[in-house]
Amino acid sequence: MAKRGRSRSPRARAVHAAVMDDFVLDARVEHIRNFLNVLSVVKLSKKQHVNVSVSERGVTFVAVDDSKSLQAQANFRAEVFSRFRVNASAAGGTQGPGGTGATSFAGSFGIALGSLIDVLSVFAPMDGEAELSLRWPDRDGRLVLAAHVERGNPERPLQSCTHAAVAATERDDGGGPGGGDIVFRGETNAFTLPAHGLKEIVDDLEWPNAPMAIEMSSDPNVLTFSAAGQEIGELRVDVDARDGRGLTEFACGVNGRWLYRHAFAKAATALPGALLGPTHDRGGGDGVDAPTMTRVAIGEGGMLKVVHLVRLSRAIPHFGGGGGGGGFGGTATGGGPGSRGTPTQSATPRAPASYVVPVTFVAYPEVEMSDGEYDDFGDEVDSES
Amino acid sequence: MKFKATFSSVGVQWLERFAPIFDKLGKELSVLFTPNSIHLVQNHAESGGIEIHADLLKDEVFDACLLQSANDNKIGVRLEPASLCRVLRGLVGSEATHVEVKLIKREVAPGTSLPFLCFDSKGVVDVVQDVPLAGPLNRREVEDLETIVQANVVDVPYWLCLDRAATEAAHAAVERFRAVGDVVELATTKAGSLHLTTNKGGHVALGAELRGAGVLPASEDRYESSRAGGGGAWDGGTGRGTGTQPGLEDESAGPCERLAESKACGEASVANVGTRTLRRSLSGVASNPSRALVGVAGHGRHVELVFRYDRQAVRGPDAVGLMVRMPVEEDDELERWEEDSD
């Protein structure tokens, strides 16, 4: 893990010596635009609140929708950042339960995701030109963002600094790390396919305006998405799940059919184009050009888990993408003919050219009822929230 | 009243640069022809909150110009920027080599004739295009235009000079500021810093700071002294201790601290302008200026923005300019100060 020390400004130290020796989190983001894109995916509702937990292993953003039955989570591991420093001792009173020594948990805070996204969009045009510095907390407990660009003659450089502070909001679940989370366990079935493929299927099934069903069985392997509406009738998408065909992974422990609210499925697959990767594998074999893959799992009680392995590539194109095969994508290591990576193998000893950020959605299944009952149920949930 | 002119080789291009900006801002545009200059003007109401005018020397735009009127040979007309844009774009597109423009009256129906600006171009194809007008404007309306034109660039103690890239960056930033706050606090300092900050109810603060911009006139430039720390003219008398000197140590402080410092020393000129106003004003950057000057007019009554085209103009750097005057938001000021002090 990259962990470099840096002395704080003398002034800041003087002022806060007693209260706060340092920021708990001090991170640099190189690919601002993708960072913004990933956070936009996690935004489930208009006034989305997210819990951000900071540990030595990385930063995790967790959002739960208003009905508390869909959860989105983006996990930025420490190596995603060009610099990542966590100082748990600076957390002081904000230390969560179980945060002593044994775990790497350093602190957590809540934040209005919409505000953070608004602010990040100011930084986005600087992608590739500057690094975004993320620090938390300042003396008011805010998340502080800054990016510096310097140019012009050295005598009188033109220094521009974009800066922002977003106030932390009250945590509304009262729990420690992971408190109030929707927990997925007991995985029985799973399959993996390119994210854009899943997105297309889910978009196609929007039409019937009904819950989306996932049906799986083994021997022979069957994977079917369907939605049956009153007016439209049933729309089905059969995915070729035979061994060695369309899917990279297919595991079916329990044959069955599960229903999910279409809005959830849509939210869970709505990656912006920039995060989908190329829509077909160009066969480069280096993994960098591979499309974003999505793993869908079904667990205990029909819970749905969708994990997008979103690749954050460096904003500035690097040569020697050969290093990229390491992280994710054992699928892509085959090495197509005419691979273009070979001459520059030695170019980047420092890290892979891209990192994978898992973006995870967990949703409760829809209980199967007649249509009328379903509507009532839906209204009830809405009015509660 | 007579107006007939032949465009210079760059004249059409100049107008074609400015017309789209006015088109974006509003539905009406006044054009004032005087013996020496041409002005495209939008007042407060026409542009949606700012006073903006492009000033061009007559010689830059026209090779030959015949201008006669009873009002000191000045003619003002009002037209739709969209139709002017369309004609100018057509002239550029058809690669017209010789373009004449004249003020005409054309009979549109028996008994009624309306004024037009008639563009007659020769080139690959010869085209005659008319832009319908309201006007000519009467003496008072022309005077109003002149007032707007002459109002700028007075009573500004010093200017910050932003290059093209910095202007574009500022425009891009303000574009995004909209999502956060309705009012931007704009501050300039004689040390060459420009601060733009906004906030949303105290929950979100967002700002952009630019340091090292040029200061005009040069006699007002305090960049060196602010960096040296201690030796500055504005720092000398305050007798502050060594620990809080601006200068090198200042680098470690954040932009907010630097702004607070400048304000405390009375070094900053501050004005609150509407985010929308500022954004509209900065849209002038689409005219491809070489640089932009920003200045808070005396006592913070308004903010002036001047786009300069330097060597792009044939007749010298002063031949072309785009001036913007933004009103400040005075009502909010008190509240905002109270918020800040909380």
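Residues numbered from 1 in each chain as written. Chains lettered and ligands numbered in written order. Predicted model: local features only at pLDDT ≥ 70, side-chain atom pairs only at ≥ 80, totals over all residues. Heavy atoms only, no water.

Per its UniProt entry, chain B bears the Subcellular location (unreviewed entry) comment "Nucleus". (UniProt positions renumbered as here; feature names shortened; annotations may be inferred.)

Per UniProt, chain A carries the Sequence similarities (unreviewed entry) text "Belongs to the rad1 family."

1. Concerning the interface of chain A and chain B
Counting from both sides, the interface comprises 25 residues of chain A and, opposite them, 33 residues of chain B. In total, chain A and chain B occlude about 2,300 Å² of area from one another, counting both sides; carbon and sulfur atoms represent 52% of this. Broken down residue by residue, the surface that chain A buries against chain B is led by A:R156, A:Q159 and A:H163, which jointly contribute 31%. Where chain A meets chain B, there are three salt bridges. Of the charged contacts in the structure, one is a salt bridge between B:D163 and A:R151, with a shortest N-O distance of 3.0 Å. In this assembly, chain A and chain B are joined by nine residue pairs in polar contact (both at pLDDT 80 or more). Elements supplying a minimum of two residues to the side of chain A that touches chain B: α1 (10-16), α3 (113-123) and β9 (158-166) of chain A. Sort the elements by how many residues they give to the side of chain A that touches chain B and β9(A) lands first, with nine residues. Per-class residue counts for the side of chain A that touches chain B are eleven nonpolar, seven polar and seven charged. Sheet topology note: the β9(A)/strand β13 (residues 204-211) of chain B ladder contains eight bridges and is antiparallel. Bridge pairing links A:A164 to B:L206 in β13(B). (Contact = heavy atoms within 4.5 Å. Buried area = accessible area lost by both parts, 1.4 Å probe. Salt bridge = Lys/Arg side-chain N within 4 Å of Asp/Glu carboxyl O. Polar contact = N/O pair within 3.5 Å; in protein donor to acceptor, adjacent residues only side chain to side chain. Helix = DSSP H or I, 4+ residues; strand = E, 2+ residues; numbered from the N terminus. Nonpolar A, V, L, I, M, F, W, Y, C, P; charged D, E, K, R; others polar. Pairing = 2+ DSSP bridges.)

2. Focus: the nonpolar core
Counting 159 residues, the largest nonpolar core has A:F76, A:L145, A:F225 and B:F119 as its most contacted members. The element best represented in this core is helix α1 (residues 11-25) of chain B, accounting for eight residues. Look past the residues within four positions of B:F119 in its chain and what remains in contact with it is B:F7, B:L84, B:V87, B:L88, B:L91, B:V99, B:E100, B:V101, B:V127, B:V128, B:Q129 and B:V131. (Core = buried A, V, L, I, M, F, W, Y, C linked by side-chain atoms within 4.5 Å. Buried < 20%, exposed > 50% of the residue type's maximum accessible area, 1.4 Å probe, protein only.)

3. Notes on the side chain of B:S94
Residue and element names in this part refer to chain B. Take S94: it is sitting in the loop between α4 (81-93) and β7 (98-109). Given the relative accessible area of 16%, S94 is considered buried. Engagement of the side chain of S94 in a polar contact is seen with the backbone oxygen of L91, the distance being 3.4 Å. When residues no more than four places from it in sequence are discounted, the contact partners of S94 are V124 and V125.

4. Some remarks on the sheet that holds strand β12 (residues 212-217) of chain A
All names here are of chain A. Taken in spatial order, the four strands line up as β14-β13-β12-β16 in an open sheet, and their pairing is antiparallel. Of all the strands in the sheet, the pair left with one neighbour each is β14 (233-239) and β16 (256-260). The average angle at which neighbouring strand axes cross in this sheet is 20 degrees, direction not considered. Pairing between β12 and strand β13 (residues 222-229): six bridges, direction antiparallel. Bridging across to β13, E215 finds its partner in T224. With respect to the sheet, helix α4 (residues 195-204) is in contact with β12, β13 and β14, its orientation differing from that of β14 by roughly 165 degrees. (Axes fitted to C-alpha atoms, helices over the stretch in contact; angles between N-to-C directions.)

5. Overview of the packing of aromatic side chains
Residue and element names in this part refer to chain A. Throughout the structure, instances matching the rule amount to 14 aromatic pairs over all chains. The interplanar angle of 50 degrees and the centroid separation of 4.8 Å between the aromatic rings of F35 and F76 together place this pair among those described as tilted. Of this pair, F35 sits in helix α2 (residues 32-42) while F76 is found in strand β4 (residues 70-77), placing the two residues 41 residues apart along the sequence. Just as F35 is buried, F76 falls in that class too. Measuring from centroid to centroid gives 6.3 Å for F76 and F81, while their planes differ by 50 degrees, and the two rings are tilted. Here F76 and F81 have matching classes, each one buried. Here the aromatic residues F35, F61, F76, F81 and F84 are joined through ring pairs into a cluster of three or more. (Phe/Tyr/Trp six-rings, centres within 6.5 Å; stacked < 30°, edge-to-face > 60°.)

6. Regarding unusual backbone geometry
Between A:D219 and the following residue, A:P220, the backbone shows a cis peptide bond with an omega angle of -5 degrees. Note on placement: A:P220 falls in the loop between β12 and β13. The omega torsion across B:L216 and B:P217 is -5 degrees, close enough to zero to call that bond cis. Looking at the secondary structure, you find B:P217 in the loop between β14 (214-216) and α7 (223-228). Positive phi values are uncommon outside glycine, yet B:D72 reaches one of about 50 degrees. Inspection of the secondary structure puts B:D72 in the loop between β5 (62-68) and β6 (75-79). One non-glycine residue, B:N288, lies in the positive phi region at around 60 degrees. Here B:N288 is to be found in the loop between α10 (275-282) and β16 (291-296). Judged by its relative accessible area of 32%, B:N288 falls in the partly exposed class.

7. Re the domain arrangement of chain B
Residues and elements named next belong to chain B. Along its sequence, chain B is carved into domain 1 (2-149) and domain 2 (159-341). Contact residues are listed per partner, giving 22 residues for domain 1 and 23 residues for domain 2. Where domain 1 abuts domain 2, roughly 1,800 Å² becomes buried across the two surfaces, and 58% of that area is made up of carbon and sulfur atoms. It is R17, I50 and E60 in domain 1 that bury the most area against domain 2; as a group they hold 26% of the surface buried on that side. The tally of links from domain 1 across to domain 2 stands at zero salt bridges. At the boundary of domain 1 and domain 2, one finds eleven residue pairs in polar contact (both at pLDDT 80 or more). A breakdown of the residues in the side of domain 1 that touches domain 2 according to their chemical character gives eleven nonpolar, five polar and six charged. (Domains from an automatic or database assignment.)

8. Focus on the pattern of salt bridges
Note that side chains of opposite charge can pair when their charged atoms are close. Tallied over the full model, the rule gives 36 salt bridges over all chains. In this structure, B:K200 engages A:D118 in a salt bridge whose closest nitrogen and oxygen atoms are separated by 3.9 Å. Placement of B:K200 in strand β12 (residues 194-200) and of A:D118 in helix α3 is noted, with the two residues assigned to different chains. Taking relative accessible area as the criterion, B:K200 reaches 31% and is therefore assigned partly exposed. The closest approach of N and O atoms between A:D203 and A:K266, which form a salt bridge, is 3.3 Å.

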